[in-house]
Amino acid sequence: MFGFKVINQYEQGIVFRFGRALPDIRQPGLTWVNPFTDRLRKVNMQIMVAAVPGQDAITRDNVTLKVDAVVYYRVVDPVKAIINVQNYTFAISQVAQTSLRSVIGQSDMDQLLSEREKINAHLKDVIDEPTEQPWGIRVERVEIKDVSLPESMKRSMSRQAEAERERRARIISADGEYQASKKLAQAAQVMSADPAALQLRLLQTVVEVAAEKNSTLVMPVPVELLRFFDRAARPAAGQAPAAAAANPATPATSAPASSTGAPDTGALPPARDVPAISAPGRQPASDGLTVPDHAVRKTPAS
């Protein structure tokens, strides 16, 4: 009666006879073992959870942070899990800690924060490689639970996020102004075809301003009024050159300078009224009589 044992549904049994493991594995249910020569060892086949303590590590871009992880594993070969490793639960915890440090050192901080799935998959492969074949334990899932950053890094990331949001806001605002300018250009083309549309738009603007209960009403000057004055000023400016061409002015004569240096205010008679005068060569330059050059008859030198 002492040889009957009960194995639960989530367990499997390994029988050791005189210290040697028997090849056949006892399945769940009622089983009998020799109480004098055999010993039954039950192995839990459920998925177990191992919490990896927070590890202080340095990323590839030289950022110091603390990472916590969780490992989900189960036993697939009870014989290897009992014989090849003394305490597979503790062994899985140690392998997970060292692998976590190694993966963090090969990754950047941005990858740890934004690409969690890739980091988890890579960490699972690193932990599962030395445990499944020799230990008979399969790692089902590995998840990074928490990433603790220094306060200085948190402030830097906050400023970076704020600058990125401001850049996006400016780009969206500039894009809106560009699209609005295109629509305004199209509206200007439509209004230029019909001037009454511009007046209607002006009246609508006045109504919108007056609806805000303002004490001051601003009346803009229509652009067409300025163009009217511009067209009226152009013909007036063109008539002055035409009148000057029809009635040319008499050329002005310069008054000769007197011996005292003051200009002579008297007008000279026309050249045809001045008699021909022969001026000697010894006539002083300070003589008050001045004769035009075309009225002087020059005597050939002897």
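About the thresholds
- Residues numbered from 1 in each chain as written.
- Predicted model: local features only at pLDDT ≥ 70, side-chain atom pairs only at ≥ 80, totals over all residues.
- Heavy atoms only, no water.
- Helix = DSSP H or I, 4+ residues; strand = E, 2+ residues; numbered from the N terminus.
- Buried < 20%, exposed > 50% of the residue type's maximum accessible area, 1.4 Å probe, protein only.
- Lys, Arg positive; Asp, Glu negative; His and termini not counted.
- Salt bridge = Lys/Arg side-chain N within 4 Å of Asp/Glu carboxyl O.
- Contact = heavy atoms within 4.5 Å.
- pLDDT = per-residue confidence, 0-100.
- Pairing = 2+ DSSP bridges.
- Patch = residues over 30% accessible without salt bridge, like charges linked within 9 Å, V, L, I, M, F, W, Y side chains within 5 Å.
- Areas by Shrake-Rupley, 256 points an atom, 1.4 Å probe, with all protein chains shown as cover.
- Axes fitted to C-alpha atoms, helices over the stretch in contact; angles between N-to-C directions.
- Parallel < 35°, antiparallel > 145°, perpendicular 65-115°, else oblique.
- Left-handed = near helix turned anticlockwise from the far one by under 90°.
- Core = buried A, V, L, I, M, F, W, Y, C linked by side-chain atoms within 4.5 Å.
- Polar contact = N/O pair within 3.5 Å; in protein donor to acceptor, adjacent residues only side chain to side chain.

Chemist: Can you walk me through the environment of Ile83 in this structure?
Modeler: Relative to the assigned elements, Ile83 resides in helix H1 (residues 78–83). The exposure class of Ile83 is partly exposed, given its relative accessible area of 49%. Considering only alpha carbons, one finds Ile83 and Trp135, 52 residues apart in sequence, at a separation of 8.5 Å.

Chemist: Looking at this structure, how should I read the side chain of Asp128?
Modeler: Here Asp128 lies in helix H4 (residues 116–128). One buried charged residue, Asp128, forms no salt bridge at all, with the nearest opposite charge on Lys124 at 4.9 Å. The contacts of Asp128, once residues within four sequence positions are left out, are Ile137, Arg138 and Val139.

Chemist: I tried to follow the confidence of the model for the chain on my own but got confused; where do I start?
Modeler: Detailed reading of the predicted coordinates is not advisable wherever pLDDT is low. For the chain, per-residue confidence averages 77 on the pLDDT scale, and 73% of positions sit at 70 or higher. Taken as a whole, residues 294–302 scores under 50 in pLDDT and shows 8 contacts with residues more than four places along the chain or in a different chain.

Chemist: Looking at this model, I keep getting lost on the pairing of strand S2 (residues 11–17). Mind explaining?
Modeler: Sheet faces and side chains relate simply in a regular strand, where the side chains alternate between the two faces. The element S2 is largely enclosed, with a buried count of 6 among its 7 residues. Bridge analysis of S2 against strand S3 (residues 20–26) gives 4 bridges, and the strand direction is antiparallel. Bridging from a neighbouring strand, Arg17 pairs with Arg20 of S3. Linking S2 back to S3 in an antiparallel pair, the connection comprises 2 residues, with Phe18 at a positive phi of about 50°.

Chemist: Could you clarify how one ought to interpret unusual backbone geometry in this entry?
Modeler: Among all residues save glycine, negative phi is the norm, and among peptide bonds the norm is trans. Here Phe18, not a glycine, exhibits a phi torsion of approximately 50°, which is positive. Here Phe18 shows up in the loop between S2 and S3. Relative accessible area serves as the criterion here: at 69%, Phe18 is assigned to the exposed category. Phi is positive for Asn62, close to 60°, though the residue is something other than glycine. Classification of Asn62 as exposed rests on a relative accessible area of 66%.

Chemist: Explanation requested: a nonpolar patch on the surface in the structure shown.
Modeler: The grouping of Met1, Phe4, Val6, Leu30 and Trp32 at the surface amounts to a nonpolar patch, some 630 Å² of accessible area in total. Elements represented by at least two residues in the nonpolar patch include exactly strand S1 (4–7) and strand S4 (29–32). Mapped onto the elements, Met1 comes out in the segment before S1.

Chemist: Teacher, can you tell me more about the packing of helix H2 (residues 88–105) against H4 here?
Modeler: How two helices pack is summed up by the angle between their axes together with the distance between the axes. Direction vectors running N to C along H2 and H4 enclose 130°, while the axes themselves pass 10 Å from each other. Relative to H4, the element H2 lies oblique. Handedness of the crossing formed by H2 with H4: right-handed. On the side of H2, the interface is formed by Val95, Ala96, Ser99, Leu100 and Val103, while H4 contributes Ile119, His122, Leu123, Val126 and Ile127.

Chemist: Sorry if this is basic, but what is going on with the nonpolar core here?
Modeler: Counting 37 residues, the largest nonpolar core has Leu65, Val71, Tyr73, Tyr88, Ile127 and Ile137 as the members making the most contacts within it. When contributions to this core are tallied by element, the ones reaching two or more residues are S2, strand S6 (48–58), strand S7 (64–75), H1, H2, helix H3 (109–114), H4 and strand S8 (137–148). With 8 residues, H2 is the single largest residue contributor to this core. The contact partners of Ile127, leaving out residues within four places of it in the chain, are Val71, Val95, Ala96, Ser99, Val139 and Val142.

Chemist: Where do I start with the side chain of Thr131 in this structure?
Modeler: Looking at the secondary structure, you find Thr131 in the loop between H4 and helix H5 (132–135). Within the local environment of Thr131, its side chain forms a polar contact with the backbone oxygen of Ile127, the two atoms lying 3.1 Å apart. Once residues within four sequence positions are removed from consideration, Thr131 is found in contact with Ile92, Val95, Gly136, Ile137 and Val139.

Chemist: I tried to follow the sheet that holds S7 on my own but got confused; where do I start?
Modeler: Pairing is antiparallel across the open sheet formed by 3 strands, whose spatial order is S6-S7-S8. Taken across any chain shown, the strands that pair with only one partner, and hence form the sheet edges, are S6 and S8. If you compare each strand with its neighbour and ignore which way they point, the axes differ by 25° on average. Pairing of S7 with S8 involves 10 bridges; the strand directions are antiparallel. By the bridge assignment for S8, Val70 is matched with Glu143.

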